[in-house]
Amino acid sequence: MILSSSPPAIAQNLSVIRQRIRDACHAAGRAEADVTLVAVSKTHPVKAVIAALDAGQSVFGENRVQEAATKFPLLRAAHPAMRLHIIGGLQTNKAREAVRLADCIETLDRPRLADAIADAIQREGRAPSLLVQVNIGDEAQKGGIPLAEADAFIAACQTRFGAGLHGLMCIPPAEGDPAPYFTKLAEMARLHGLAVVSMGMSSDFEIAIAHGATHVRVGTAIFGRRPTLAPDAATP
Ligand SMILES: *Cc1c(COP(=O)(O)O)cnc(C)c1O
């Protein structure tokens, strides 16, 4: 991995990550088209996003609505195929702007946020796809619906949003083997009849693909180290 975030480095990193995704799909007996790469551009400047766009990347992840609002609308005008996923913890008072900006909100994790998003969808006349974030390791400091409440919350979101609820997302505990957590999330999605499973980051996306990820969220391995730790990176 090249840690500089110059445009050639970003293009090269992307091609390496795409090859690793292909290899992981192949090893798992899965079709390459089953896995979408979400390039996590949080904290990186617009020019880094442009370098990735120029290298053929179209799906991006940002964890703060405010940052996405300053980076994306102009680029989108020039790149209509571009897609934005919100992957960070979402405050209810940012729901409306998230619904206006995003193609997918991956962090639906509590009833009050579901209320705010439903209201925003109605007001904006625009409906991003939604993923329920599950606190798969039941960690006190992490976002996501607690495991004990997950099944009921997912079912309630399916009733409320219908086909707008596409799947589940998780961030497993930082320590230890993520595989059991990935397996658990994929199984929950299957039981609820949900197609999308967003899991796996720079350090573990191949393991996530082996366990059923349909979306992997990769930041550092594409854009290099983040200039500063995103304030909510540890507890998205
Ligand atoms: C920052 C972030 C990522 C990307 O992490 P890397 O380790 O840089 O690949 C993925 N998912 C979420 C929710 C994040 O906040």
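Just above, that's the structure.
Cut-off values and rules
Residues numbered from 1 in each chain as written. Predicted model: local features only at pLDDT ≥ 70, side-chain atom pairs only at ≥ 80, totals over all residues. Heavy atoms only, no water. Salt bridge = Lys/Arg side-chain N within 4 Å of Asp/Glu carboxyl O. Helix = DSSP H or I, 4+ residues; strand = E, 2+ residues; numbered from the N terminus. Buried < 20%, exposed > 50% of the residue type's maximum accessible area, 1.4 Å probe, protein only. Pairing = 2+ DSSP bridges. Right-handed = clockwise from strand over helix to strand, strands pointing away. Near = heavy atom within 4 Å. Polar contact = N/O pair within 3.5 Å; in protein donor to acceptor, adjacent residues only side chain to side chain. Areas by Shrake-Rupley, 256 points an atom, 1.4 Å probe, with all protein chains shown as cover. Contact = heavy atoms within 4.5 Å. Axes fitted to C-alpha atoms, helices over the stretch in contact; angles between N-to-C directions. Parallel < 35°, antiparallel > 145°, perpendicular 65-115°, else oblique. Left-handed = near helix turned anticlockwise from the far one by under 90°. Nonpolar A, V, L, I, M, F, W, Y, C, P; charged D, E, K, R; others polar.

Applying the stated criterion to the full structure yields 13 salt bridges. Of the charged contacts, one joins Asp115 and Arg160 as a salt bridge, the two residues approaching to 2.6 Å between their closest N and O atoms. Of this pair, Asp115 sits in helix α5 (residues 111-124) while Arg160 sits in helix α6 (residues 147-161), and the two are 45 residues apart along the sequence. A relative accessible area of 43% means that Arg160 is categorised as partly exposed. A single salt-bridge network, built from bridges that share partners, covers Glu62, Glu67 and Lys71.

Of all the five residues making up strand β7 (residues 165-169), four are buried; the element is thus mostly covered by neighbouring parts of the structure. When strand β5 (residues 129-135) meets β7, the two strands line up parallel, connected through four bridges. Paired with Leu131 across the bridge in β7 is Gly167. Pairing of β7 with strand β8 (residues 196-198) involves three bridges; the strand directions are parallel. Counted as the bridge partner of Met169 is Ser198 from β8. With helix α7 (residues 179-191) bridging β7 and its parallel neighbour β8, the resulting β-α-β unit is right-handed.

The environment of the ligand is made up of 13 residues, and the closest members are Lys42, Ser202, Gly219, Thr220 and Arg226. Here an oxygen atom of the ligand and a side-chain polar atom of Ser202 are 2.5 Å apart. Between an oxygen atom of the ligand and a side-chain N or O atom of Thr220, the distance comes to 2.5 Å. Taken by itself the ligand offers 390 Å² of open surface, and the protein chains cover 93% of this.

Time to look at the environment of Leu185. Structurally, the position occupied by Leu185 is in helix α7. Between the C-alpha atom of Leu185 and that of Leu168, which follows or precedes it by 17 residues, the distance is 7.2 Å. Each residue touching Leu185, except ones within four places of it in the same chain, is listed here: Val134, Ile136, Leu168, Met169, Cys170, Val197, Ser198 and Met199.

Below, the discussion takes up the packing of helix α1 (residues 7-28) against helix α2 (residues 46-54). α2 packs onto α1 with a crossing angle of 50° between their chain directions and a minimal axis gap of 9 Å. By the criterion of interaxial angle, the relationship of α1 to α2 is oblique. Relative to α2, α1 is oriented so that their crossing is right-handed. Facing Pro7, Ile10 and Leu14 of α1, the residues of α2 in contact are Ala48, Ala51 and Ala52. Taken together, the residues of the contact of α1 with α2 break down into six nonpolar, no polar and no charged.

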